[in-house]
Amino acid sequence: TTVLLLGGRSFIGGHVCRVLIQRGYRVLLQSSKTLRYDNLLDVLPHPLVTPIVCPYDQPERLGQWMAQADQLIFMAAPPGKQTLGHATRLSKPSFT
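Residues numbered from 1 in each chain as written. Predicted model: local features only at pLDDT ≥ 70, side-chain atom pairs only at ≥ 80, totals over all residues. Heavy atoms only, no water.

1. A closer look at the nonpolar core
With 10 residues, the main nonpolar core is built from Val3, Leu5, Cys17, Leu20, Ile21, Val27, Leu29, Leu40, Val43 and Val49. Mapped onto this core, the elements with two or more residues apiece are strand 1 (2–6), helix 1 (11–22) and strand 2 (26–31). For this core, the element with the most residues is helix 1, which contributes three residues. Counting residues in hydrophobic clusters, the runner-up holds nine residues, among them Leu6, Leu28, Met66 and Ala69. (Core = buried A, V, L, I, M, F, W, Y, C linked by side-chain atoms within 4.5 Å. Buried < 20%, exposed > 50% of the residue type's maximum accessible area, 1.4 Å probe, protein only. Helix = DSSP H or I, 4+ residues; strand = E, 2+ residues; numbered from the N terminus.)

2. Topic: the pattern of salt bridges
Enumeration over the complete set of coordinates arrives at one salt bridge. A salt bridge links Arg18 to Asp42; its shortest N-O distance comes to 2.8 Å. One end of the pair, Arg18, is in helix 1; the other, Asp42, is in the loop between strand 2 and strand 3 (49–53), and 24 residues separate them in sequence. Here Asp42 falls in the partly exposed class, since its relative accessible area comes to 49%. (Salt bridge = Lys/Arg side-chain N within 4 Å of Asp/Glu carboxyl O.)

3. Section: the environment of Val43
The residue Val43 is located in the loop between strand 2 and strand 3 in this model. Along the primary structure Val43 and Cys17 are separated by 26 residues, whereas in three dimensions their C-alpha atoms are 7.4 Å apart. In contact with Val43, not counting residues within four places along its chain, are Gly14, Cys17, Arg18, Leu29 and Val49. (Contact = heavy atoms within 4.5 Å.)

4. Some remarks on the confidence of the model for the protein
For the protein, per-residue confidence averages 78 on the pLDDT scale, and 74% of positions sit at 70 or higher. Across the protein, the element-wise mean pLDDT spans from 44 in helix 3 (residues 84–89) up to 93 in strand 1. (pLDDT = per-residue confidence, 0-100.)

5. Some points on the sheet that holds strand 2
If you walk across this open sheet you meet the four strands as 3-2-1-4, and the pairing is parallel. Edge positions in the sheet fall to strand 3 and strand 4 (71–74), since each has one partner strand and no second. If you compare each strand with its neighbour and ignore which way they point, the axes differ by 20° on average. As paired elements, strand 1 and strand 4 share four bridges and run parallel to each other. Paired with Leu4 across the bridge in strand 4 is Leu72. (Pairing = 2+ DSSP bridges. Axes fitted to C-alpha atoms, helices over the stretch in contact; angles between N-to-C directions.)

Listed below in structure tokens is the structure:
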């Protein structure tokens, strides 16, 4: 099973990613800026993790990654952020 983790560079996102790979999930780890953070040093080289740097204001690019995912976990932006609406309009995987 492949999970697209939107907003994966956060502190909590790093922990969620670790749990997913421990359970055998393939993780598409997305961030809008960079994935170079200390909390991800052990996660990024893992063979089940694919790092993705893709801004939320490019829904067509996010859609390409969503097409590869079976599930989506959205941890992306602070509530009320303008670009949040773009990502939430993309439809595909169910939440678990």
